[in-house]
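Residue-level listing of the chains:
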Amino acid sequence: MTSIAHGFDFEVGRWRSTVKRLAAPLTGSDEWLRYEGITLVTALWRGAYAVELDVHGDTGRLHAFSLRLYDEAADEWLLRTGVPGSGDLDPPLRGGFIDGLGEFVGPDVYRGTPVLVRLVIRDITATSARFEQYFSTDDGNSFELNLVTDDVRA
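First, a word on what this report is: a plain description of the structure on this page.

So, how was this worked out
Residues numbered from 1 in each chain as written. Predicted model: local features only at pLDDT ≥ 70, side-chain atom pairs only at ≥ 80, totals over all residues. Heavy atoms only, no water. Helix = DSSP H or I, 4+ residues; strand = E, 2+ residues; numbered from the N terminus. Rg over C-alpha atoms; globule rule 2.2 N^0.38 Å. Buried < 20%, exposed > 50% of the residue type's maximum accessible area, 1.4 Å probe, protein only. Areas by Shrake-Rupley, 256 points an atom, 1.4 Å probe, with all protein chains shown as cover. Lys, Arg positive; Asp, Glu negative; His and termini not counted. Charge placed at Lys NZ, Arg CZ, Asp CG, Glu CD. Pairing = 2+ DSSP bridges. Polar contact = N/O pair within 3.5 Å; in protein donor to acceptor, adjacent residues only side chain to side chain. Phe/Tyr/Trp six-rings, centres within 6.5 Å; stacked < 30°, edge-to-face > 60°. Lys NZ or Arg CZ within 6 Å of the ring centre and 35° of its normal. Contact = heavy atoms within 4.5 Å.

Thoughts on the overall build of the protein
Along the backbone of the protein there are 0 helices and 10 strands. Listed by position from the N terminus, the elements making up the protein come as β-β-β-β-β-β-β-β-β-β. For 154 residues, the compact-globule estimate of 2.2 N^0.38 gives 15 Å, and the protein sits close to it at 15 Å. With respect to the three principal axes, the spread of C-alpha positions in the protein is 40 × 35 × 30 Å. Residues counted as buried form 36% of the 154 residues belonging to the protein. Accessible area of the protein: about 8400 Å², with a carbon and sulfur share of 52%. Considering the protein, the positive charge centre built from 15 side chains and the negative charge centre built from 24 side chains are found 5 Å apart.

This is the structure in structure tokens:
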């Protein structure tokens with residue numbers, strides 16, 4: 001996968017974020033919850049970025065922190081996410097960018113169920129980007145979309 005250590009430069013800054021989240025992933029539910037707020041992205045050093053998502057909706061607040069770290073030896077990105085109170089970061093998603101599309105994949109556990117998580121970053125411009133998160137319970141043979149974030153530069 002061809003990646004460069006400044007692959008997330010586009011994301012640095014302040015964004016207005018609109019999030020829709022599947023209310024009950026992996027249950028066949030089609031109820032979506034909506035949130036709005038901000039995302040702040042800071043470059044820490046070449047190949048390292050900190051992301052804070054803080055959005056609110058009718059069902060409360062979603063607040064998360066993510067690190068985007070470039071592994072030069074592997075020529076791939078590692079994305080780690082944490083939420084307040086967890087005391088830890090989720091297992092890394094690994095991947096990179098090809099032709100303006102980012103794709104990152106890794107194992108995790110969702111409410112006791114092992115899942116393969118897939119994050120796709122698409123429609124990247126200087127003023128907008130879309131992030132889509134998917135879960136798979138069959139080792140990537142099929143995926144269920146469970147989270148969409150549309151960011152517009154603030």
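Quick word on the pairing of strand S6 (residues 93–98)
With 3 bridges joining them, strand S5 (residues 76–82) and S6 adopt antiparallel strand pairing. Paired with Leu-79 across the two strands is Leu-93, which belongs to S6. Direction of pairing for S6 relative to strand S7 (residues 101–110): antiparallel, over a ladder of 5 bridges. By the bridge assignment for S7, Phe-97 is matched with Gly-102. Hairpin connection of S6 to S7: 2 residues between the antiparallel strands, including Asp-99 at a positive phi of 50°.

Quick notes on unusual backbone geometry
In this structure, Leu-26 takes a positive phi of about 70° despite not being glycine. Mapped onto the secondary structure, Leu-26 falls in the loop between strand S1 (13–22) and strand S2 (32–45).

Concerning the side chain of Glu-132
In this structure, Glu-132 sits in strand S9 (residues 128–136). Look at Glu-132 and you get buried, because its relative accessible area is 7%. Reaching out from Glu-132, the side chain makes a polar contact with the side chain of Arg-122 at a distance of 3.1 Å.

As for the packing of aromatic side chains
According to the stated counting rule, one finds 11 aromatic pairs in the structure shown. Ring geometry for Tyr-49 versus Trp-77: centroids 5.9 Å apart, planes at 45°, classification tilted. Of the two residues, Tyr-49 is situated in strand S3 (residues 48–57) and Trp-77 in strand S5; the sequence distance between them amounts to 28 residues. Trp-77 sits in the buried class, given a relative accessible area of 0%. Taken together, the ring pairs in this structure connect Phe-8, Phe-10, Tyr-49, Tyr-70, Trp-77, Phe-97 and Phe-104 into an aromatic cluster. Directly above the aromatic system of Tyr-134 lies the positively charged group of Arg-118, at a separation of 5.3 Å from the ring centroid.

A word on the side chain of Thr-39
Position of Thr-39 relative to the elements: it lies in strand S2. The class for Thr-39 is buried, based on a relative accessible area of 3%. Among the polar contacts made by the side chain of Thr-39, one reaches the side chain of Ser-17 at a distance of 2.5 Å. When sequence neighbours within four positions are dropped, the list of residues in contact with Thr-39 reads Gly-13, Arg-14, Trp-15, Ser-17, Val-51, Glu-52, Leu-53 and Asp-151.

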